[in-house]
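Commentary on secondary and tertiary structure
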Amino acid sequence: LEILPMNASKGTALQELIQYCQWDDIQTIAVGDNLNDVSMLETATIGYLVENCHDSLREAKFEKTVHHEKHAIAEIIHKNFFQKNESVIQKGGFNL
């Protein structure tokens, strides 16, 4: 049983963090596996569900990634920060 204020959610927390830090043009990525993560996934620029997410979320509109025990966060980082920049990296645009 969880008892929270009516407007408390992970999505609200993410919005407040962005406002508090004054990150106007920031892009965010959120990762979730359960129903209490939906507002956060909707608030983020990109929302990911892990393979082992709650059954009722399997058809949701979010991106999908591997099971949390198969390095889901590493998979998301690779996909969003390295694969997108591979052509630039190969041309010598970044020094990693």
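Residues numbered from 1 in each chain as written. Predicted model: local features only at pLDDT ≥ 70, side-chain atom pairs only at ≥ 80, totals over all residues. Heavy atoms only, no water.

1. Overview of the overall build of the protein
Assigned secondary structure in the protein consists of four helices and three strands. Along the protein, from the amino end to the carboxyl end, the secondary structure elements read α-β-α-β-β-α-α. The burial tally for the protein puts 22% of its 96 residues in the buried class. Summarising the internal contacts of the protein: among those between residues at least 6 apart in sequence, 25% fall at separations of at least 24. Accessible area for the protein stands at about 7400 Å²; split by element, carbon and sulfur atoms hold 52% of it. (Helix = DSSP H or I, 4+ residues; strand = E, 2+ residues; numbered from the N terminus. Buried < 20%, exposed > 50% of the residue type's maximum accessible area, 1.4 Å probe, protein only. Contact = heavy atoms within 4.5 Å. Areas by Shrake-Rupley, 256 points an atom, 1.4 Å probe, with all protein chains shown as cover.)

2. With respect to the confidence of the model for the protein
Of all residues in the protein, 86% attain a pLDDT of 70 or more, and the chain-wide mean is 88. The model gives residues 91-96 a pLDDT under 50, and that stretch makes six contacts with residues more than four places away or in other chains. (pLDDT = per-residue confidence, 0-100.)

3. Remarks on the nonpolar core
Counting residues in each nonpolar core, the largest one holds 10 residues, listed as Leu 14, Ile 18, Ala 30, Met 40, Leu 41, Ala 44, Leu 49, Cys 53, Leu 57 and Phe 62. Listing elements by their share of this core, those giving two or more residues are helix 1 (10-20) and helix 2 (38-43). Setting aside its immediate chain neighbours within four residues, Leu 49 contacts Gly 32, Leu 41, Leu 57, Ala 60, Phe 62, Glu 63, Lys 64 and Thr 65. (Core = buried A, V, L, I, M, F, W, Y, C linked by side-chain atoms within 4.5 Å.)

4. A closer look at a nonpolar patch on the surface
Judged by side-chain polarity, Ile 29, Ile 73, Ile 77, Phe 81 and Phe 82 come together as a nonpolar surface patch covering roughly 430 Å² of accessible area. In terms of residue count, the dominant contributor to the nonpolar patch is helix 3 (residues 72-83) (four residues). The residue Phe 81 is located in helix 3 in this model. (Patch = residues over 30% accessible without salt bridge, like charges linked within 9 Å, V, L, I, M, F, W, Y side chains within 5 Å. Salt bridge = Lys/Arg side-chain N within 4 Å of Asp/Glu carboxyl O.)

5. Some remarks on the sheet that holds strand 1 (residues 29-32)
Pairing between sheet strands relies on hydrogen bonds along the backbone, with the strands arranged either parallel or antiparallel. Spatially, the three strands line up as an open sheet ordered 1-2-3, and their pairing is parallel. Edge strands, defined here as strands with exactly one partner in the open sheet, are strand 1 and strand 3 (63-64). Bridge count between strand 1 and strand 2 (residues 46-49): four bridges; the pairing is parallel. When the bridges of strand 2 are listed, Gly 32 appears paired with Leu 49. Across the sheet, helix 3 lies against strand 1, strand 2 and strand 3, angled at about 150° from strand 1, the strand it touches most. (Pairing = 2+ DSSP bridges. Axes fitted to C-alpha atoms, helices over the stretch in contact; angles between N-to-C directions.)

6. A short note on the side chain of Asn 80
The topology assignment puts Asn 80 in helix 3. Residue contacts for Asn 80: discarding those within four places in its chain leaves Ile 29, Ile 46 and Tyr 48.

7. Describing the pattern of salt bridges
Enumeration according to the criterion identifies three salt bridges in this entry. Among the salt bridges present, the one from Asp 37 reaches Lys 10, with a minimum N-O distance of 2.5 Å. One end of the pair, Asp 37, is in the loop between strand 1 and helix 2; the other, Lys 10, is in helix 1, with 27 residues separating them in the sequence. Two residues, Asp 55 and Arg 58, come together in a salt bridge whose shortest N-O distance is 3.2 Å. Of the residues examined, Arg 58 reaches a relative accessible area of 37% and is grouped as partly exposed.

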